[in-house]
Amino acid sequence: MITGIHHISLKCGTKEEFDKAKSFYIDLLGFGIVREWPEGIMIDTGNVMLEIFSNGAGIKTKGALRHIAFATDDVDGIIAKVKEAGYEVFIEPNDIVIASEPAFPARMAFSFGPLGEEIEFFQERGSSQ
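Below is a summary of the structure that appears in this document. A quick note: this is a predicted structure, and the numbers were derived from the prediction, not measured.

Here we take up the sheet that holds strand β3 (residues 40-44). Reading across the sheet, the four strands line up as β1-β4-β3-β2 and stay open at both edges, with mixed pairing between neighbours. Looking along the sheet, the strands with just one partner apiece sit at the ends: β1 (7-11) and β2 (32-37). Strand-to-strand twist across the sheet, computed as the mean angle between neighbouring axes with direction ignored, equals 20°. By the bridge criterion, five bridges tie β3 to strand β4 (residues 49-53) in an arrangement that is antiparallel.

Here it is, written out as structure tokens:
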């Protein structure tokens, strides 16, 4: 029986990429390290782990991960930190309503992470907000 997603894995091709990814997810976004081993780290994002490997030479052509979406209660604040750190924001914070039944209001934004991964910052909104 599947009980949920345990982790998402990212692979870095160089030590510099690994150090940049580690800094982004730990220092900038504030996630904590759960465990480390010679080739990687496991980071606790709150409800899913993020695993980052340092031994991924040549991996840029593999996979089809669309994006990672992090839940937040302050899309604008986190995007300001991401921009200040020099990362590209390609969708600015904006309010959306996902056309579902019932309607699903949210605030969201997208940036690129240190490995070129797309990251969505997502804030659920109540129907009265």
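There's more to say after this.
It is worth spelling out the packing of aromatic side chains at this point. Applying the stated rule across the entire model yields nine aromatic pairs. Members of the aromatic cluster, each reached through a chain of ring pairs, are Phe24, Tyr25, Phe31, Phe70, Tyr87 and Phe121. For Lys11, the ring lying beneath its charged end belongs to Phe53, and the centroid distance is 4.9 Å.

Tyr25, Leu29, Ile43, Ile52, Phe70 and Phe121 are the most contacted members of the largest nonpolar core, which totals 26 residues. Elements represented by at least two residues in this core include exactly α1 (15-28), β3, β4, β5 (68-71), α2 (75-84) and β8 (118-124). Considering every element that reaches this core, the biggest residue donor is α1, with six residues.

Our focus in this paragraph is the environment of Glu120. Relative to the helices and strands, Glu120 resides in strand β8. Distance in space between the C-alpha atoms of Glu120 and Val75 is 9.4 Å, their sequence separation being 45 residues. Filtering out sequence-adjacent residues up to four positions away, Glu120 remains in contact with His67, Ile68, Ala69, Phe70, Met108, Ala109 and Phe110. At 2.9 Å, the side chain of Glu120 and the side chain of His67 are in polar contact.

Calculation notes
- Residues numbered from 1 in each chain as written.
- Predicted model: local features only at pLDDT ≥ 70, side-chain atom pairs only at ≥ 80, totals over all residues.
- Heavy atoms only, no water.
- Pairing = 2+ DSSP bridges.
- Helix = DSSP H or I, 4+ residues; strand = E, 2+ residues; numbered from the N terminus.
- Axes fitted to C-alpha atoms, helices over the stretch in contact; angles between N-to-C directions.
- Phe/Tyr/Trp six-rings, centres within 6.5 Å; stacked < 30°, edge-to-face > 60°.
- Lys NZ or Arg CZ within 6 Å of the ring centre and 35° of its normal.
- Core = buried A, V, L, I, M, F, W, Y, C linked by side-chain atoms within 4.5 Å.
- Buried < 20%, exposed > 50% of the residue type's maximum accessible area, 1.4 Å probe, protein only.
- Contact = heavy atoms within 4.5 Å.
- Polar contact = N/O pair within 3.5 Å; in protein donor to acceptor, adjacent residues only side chain to side chain.

From the geometry alone we can't say anything about function, so treat these as descriptive.
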